[in-house]
Amino acid sequence: MKIGPIKLDNITVLAPLAGITNLPLRIIAKESGCGLVCSEMISANGLIHKSVKTEKLLDSHPDEKPLSVQIFGSDPSIMAEAARIIEASGASILDINFGCSVRKVVRTGAGVALMRDPERAEAVITAVRKAVSIPFTIKIRTGWDKSGVQALELSKIAENCGVDALAIHPRTACQGFKGEADWELISTLKKSVSIPVIGNGDIVDPEDAIQMIKQTGCDAVMIGRAAIGNPWIFSQVSALMQGEEIQPIDLSRRFDSMIKYLEASVKYLGEKSACYMMRSRLGWFIKGLRSSSRCQKNHSGI
Ligand SMILES: Cc1cc2nc3c(=O)[nH]c(=O)nc-3n(C[C@H](O)[C@H](O)[C@H](O)COP(=O)(O)O)c2cc1C
């Protein structure tokens, strides 16, 4: 699977998850066999106004490359300027968010709001394509109704404007994360464009990933919620793809990842902030195990 000239080691992608996929978590995902990691969504406005908090989201490390950095916004010139900043920061791939349905974002005309404004969406894509030479992708939803017409229209626009690949989370704007992801739309999209299509939505275990590839013909799979505290899902998908059996994740491997995540977080955030953050996060790695809820309670009460 290639995105522009970048060849992925395998076809698994860590979805962008705001507040979650920071540098330490991406490093863990990469170490666990993920083919491509994505940053949290970053405000184009925040970047061009040099917000310190926003700029921190651009922090990266060679070990996680290739890294896709995602921006959101709706003004073509601001998006182009932000894209240049991202290219200069060393990102491997630039991604635009056309899927966020959070009210605060939609109100500004960004995220999924752009899917009902194809002219503006095209202006944004054209301006960004002109601004950068690194590979450029978009992440979309179904659109504002179930038909998927807006997804198909935007995908065509993207393809014609030189976008290198697209990811689709086939839920409507109003669905948020409720209901089922419509994998049929991934198949339809795959048949209608020639750029690589990354399928996303409702992969909860490695078998689902294989099923999505078989059912839709997508070129790669993007995993979000199921990878939280479960980075091993990436190597498990690769194992299944090669016809190997999936190995259960034993406790020592889990603790190993927890320690690495803690250490990477201390490096990134400093000890105090990292330990504070870890109180709610380390529990993710033992979810579902016997007595894990007791451990999670103890952690958050430190
Ligand atoms: C907590 C959370 C944060 C998210 N943040 C982003 C984001 O920053 N950018 C984006 O494009 N999608 C974001 N999403 C959507 C995911 O990338 C993904 O499309 C969605 O969760 C469906 O995939 P899944 O079923 O594998 O989780 C977020 C989802 C969740 C649950």
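Cut-off values and rules
Residues numbered from 1 in each chain as written. Predicted model: local features only at pLDDT ≥ 70, side-chain atom pairs only at ≥ 80, totals over all residues. Near = placed C-beta within 6 Å. Nonpolar A, V, L, I, M, F, W, Y, C, P; charged D, E, K, R; others polar. Domains from an automatic or database assignment. Helix = DSSP H or I, 4+ residues; strand = E, 2+ residues; numbered from the N terminus. Buried ≥ 20, exposed ≤ 12 C-beta atoms within 10 Å, placed from the backbone. Pairing = 2+ DSSP bridges. Axes fitted to C-alpha atoms, helices over the stretch in contact; angles between N-to-C directions. Contact = placed C-beta atoms within 7 Å. Parallel < 35°, antiparallel > 145°, perpendicular 65-115°, else oblique. Left-handed = near helix turned anticlockwise from the far one by under 90°. Right-handed = clockwise from strand over helix to strand, strands pointing away.

## Section: the site of the ligand
Alright, step 1. In the vicinity of the ligand there are 22 residues, among which Ala-15, Ala-18, Met-41, Gly-224 and Arg-225 approach most closely.
Alright, step 2. A class-by-class count of the residues in the shell around the ligand yields 11 nonpolar, seven polar and four charged.

## Side note on the domain arrangement of the protein
Alright, step 1. Examined at the domain level, the protein breaks down into domain 1 (2-241) and domain 2 (251-300).
Alright, step 2. In this structure, domain 1 and domain 2 have C-alpha centres spaced 27 Å apart.
Alright, step 3. Here the side of domain 1 that touches domain 2 is composed, by residue class, of seven nonpolar, two polar and one charged.

## Some points on unusual backbone geometry
Alright, step 1. Residue Pro-66 follows Lys-65 across a cis peptide bond; omega there is 0°.
Alright, step 2. Located in the positive-phi region is Lys-50, a residue other than glycine, with phi close to 55°.
Alright, step 3. Within the secondary structure, Lys-50 sits in the loop between α2 (44-48) and α3 (52-56).
Alright, step 4. Taking the C-beta count within 10 Å as the criterion, Lys-50 has 9 such neighbours and is therefore assigned exposed.
Alright, step 5. Backbone geometry places Asp-202, a non-glycine residue, at a positive phi of 70°.
Alright, step 6. Mapped onto the secondary structure, Asp-202 falls in the loop between β9 (197-200) and α9 (206-216).
Alright, step 7. Owing to 20 C-beta atoms within 10 Å, Asp-202 belongs among the buried residues under this scheme.

## Things to note about the sheet that holds strand β5 (residues 67-72)
Alright, step 1. Overall, parallel pairing links the eight strands, which are arranged β3-β4-β5-β6-β7-β8-β9-β10 in a closed barrel. On average, adjacent strands in this sheet sit at an angle of 30° to one another, irrespective of strand direction.
Alright, step 2. In terms of strand pairing, strand β6 (residues 93-98) meets strand β7 (residues 136-143) through five bridges, oriented parallel. Note that in β7 the partner of Phe-98 across the bridge is Ile-140.
Alright, step 3. Contacts from helix α4 (residues 76-88) reach β5 and β6 within the one sheet, and its direction differs from that of β5 by about 160°.
Alright, step 4. Across the sheet, helix α6 (residues 118-131) touches β6 and β7, and the angle it forms with β6 is around 170°.

## Considerations on the environment of Met-79
Alright, step 1. Turning to its location among the elements, Met-79 is positioned in helix α4.
Alright, step 2. Under the C-beta neighbour-count criterion, Met-79 is labelled buried, with 26 such atoms within 10 Å.
Alright, step 3. Spatially, the C-alpha atom of Met-79 lies 7.6 Å from that of Ala-127, the residues being 48 residues apart in sequence.
Alright, step 4. Ignoring any residue separated from it by four or fewer positions in sequence, one finds Met-79 in contact with Ala-44, Ile-71, Gly-73, Val-124, Ala-127 and Val-128.

## A look at the packing of α4 against α6
Alright, step 1. Running from N to C, α4 and α6 point in directions that differ by 30°, and their axes come no closer than 8 Å. Relative to α6, the element α4 is oriented roughly parallel. α4 and α6 meet at a crossing whose hand is right-handed. Here Pro-76, Ser-77, Met-79, Ala-80, Ala-83 and Arg-84 of α4 come into contact with α6, specifically with Ala-123, Val-124, Ala-127, Val-128, Lys-130 and Ala-131.
Alright, step 2. A class-by-class count of the residues in the contact of α4 with α6 yields nine nonpolar, one polar and two charged.

## Some words on the pairing of β9
Alright, step 1. Of the two faces of β9, both are covered, the one formed by Val-197 and Gly-199 as well as the one formed by Ile-198 and Asn-200.
Alright, step 2. Sheet analysis places strand β8 (residues 165-172) next to β9, joined by three bridges and oriented parallel. Paired with Ala-167 across the two strands is Ile-198, which belongs to β9.
Alright, step 3. Handedness of the crossover joining β8 and β9 through helix α8 (residues 183-192) is recorded here as right-handed.

## Re the pairing of β8
Alright, step 1. Of all eight residues that make up β8, eight are buried, and the element is covered over most of its length.
Alright, step 2. Of the two faces of β8, the one holding Ala-165, Ala-167, His-169 and Arg-171 and the one holding Leu-166, Ile-168, Pro-170 and Thr-172 are both buried throughout.
Alright, step 3. In this fold, β7 hands off to helix α7 (residues 149-160), which returns the chain to β8; that crossover is right-handed.

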